[in-house]
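# Summary of the model geometry
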Amino acid sequence: MAFENPSREEIKGILQNAGNIAVVGLSDKSDRTSYMVAQALQNNGYRIIPVNPAASGEILGEKVYAALKDIPEPVDIVNVFRRSEYTPEVAREAVEIGANVLWLQLGIESDEAYEIASQGGLTVIMDRCIKVEDSILIGKR
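Residues numbered from 1 in each chain as written. Predicted model: local features only at pLDDT ≥ 70, side-chain atom pairs only at ≥ 80, totals over all residues. Heavy atoms only, no water.

### A word on the pattern of salt bridges
Any two side chains of opposite charge can pair, on the condition that their charged atoms come close. What counts here: Note on definitions: salt bridges are taken to be side-chain nitrogens of Lys or Arg within 4 Å of carboxyl oxygens of Asp or Glu. The helix and strand labels rest on DSSP assignments: H or I over at least four residues marks a helix, E over at least two residues marks a strand, and numbering proceeds from the N terminus. Burial classes follow relative accessibility: with a 1.4 Å probe on protein chains only, a residue under 20% of its type's maximum area counts as buried, one over 50% as exposed, and anything between as partly exposed.
Tallied over the entire structure, the rule returns seven salt bridges. For Glu89, the salt bridge goes to Arg92, with nearest N and O atoms at 3.9 Å. Of this pair, Glu89 and Arg92 both sit in helix H3 (residues 87–96), three residues apart, roughly one helical turn. On the basis of relative accessibility, which here comes to 35%, the residue Arg92 falls in the partly exposed class.

### Description of the packing of helix H1 (residues 8–16) against helix H5 (residues 130–137)
How two helices pack is summed up by the angle between their axes together with the distance between the axes. What counts is decided by this rule: Simply put, an axis is a line fit to the C-alpha atoms, just over the touching stretch for a helix, and the angle between two N-to-C directions goes from 0 to 180 degrees. The scheme is simple: roughly parallel for angles under 35 degrees, roughly antiparallel for over 145, roughly perpendicular for 65 to 115, oblique for anything else. Note on contacts: a residue pair is in contact if any heavy atoms of the two residues lie within 4.5 Å. Polar here means any residue other than Ala, Val, Leu, Ile, Met, Phe, Trp, Tyr, Cys and Pro, which are nonpolar, and Asp, Glu, Lys and Arg, which are charged; Gly is therefore polar.
Where H1 contacts H5, the two axes come as close as 10 Å, and the packing angle between them is 100°. The angle between the axes of H1 and H5 places the two elements in the roughly perpendicular class. Where H1 abuts H5, its residues Arg8, Ile11, Lys12 and Leu15 lie against Ile130, Glu133, Asp134, Ile136 and Leu137. Counted by class, the contact of H1 with H5 contains five nonpolar, no polar and four charged residues.

### Let's talk about the nonpolar core
Which entries qualify depends on this criterion: Side-chain atoms within 4.5 Å are what join buried Ala, Val, Leu, Ile, Met, Phe, Trp, Tyr and Cys residues into a set we call a nonpolar core.
Ile77, Trp103 and Ile130 are the most contacted members of the largest nonpolar core, which totals 25 residues. Among the elements of the structure, H1, strand E1 (20–24), helix H2 (33–43), strand E6 (101–104) and H5 are those that each provide at least two residues to this core. With four residues, H2 is the single largest residue contributor to this core. Excluding residues within four positions of it along the chain, Ile77 makes contact with Ile14, Leu15, Ala18, Asn20, Ile21, Ala22, Val101, Trp103 and Ile130. Within the second largest apolar cluster, 24 residues are counted, among which are Ala94, Ile108, Ala117 and Leu122.

Pasting the structure below:
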């Protein structure tokens, strides 16, 4: 069966009910897309949790974690800014921590990550920008 993203209504519900959003691959460089997207989400009232093994300290005022499994609280959405070949491992970690949604950013798709996450009970969104979807479906919170 071919992958199909959830409907716009389902995505709206996901965003409306999102608490913590772990941003995998969040850069500490303000000119990077991951930083700009995470900052926009933060400005719209979402709690972001940076995940980047190459960074330390804080990004956007939030403690950086090396891996999803290091986050000491529940994660609703795992938003991924990594190349497609790295997403199956992220999907496995998202299943292990009990996340609700695996969200692969614009330009990122992986059938293997989809299979792993969906079999683990996660909703999967691929090749969509969470910032754009939030702007279209939610606006200011």
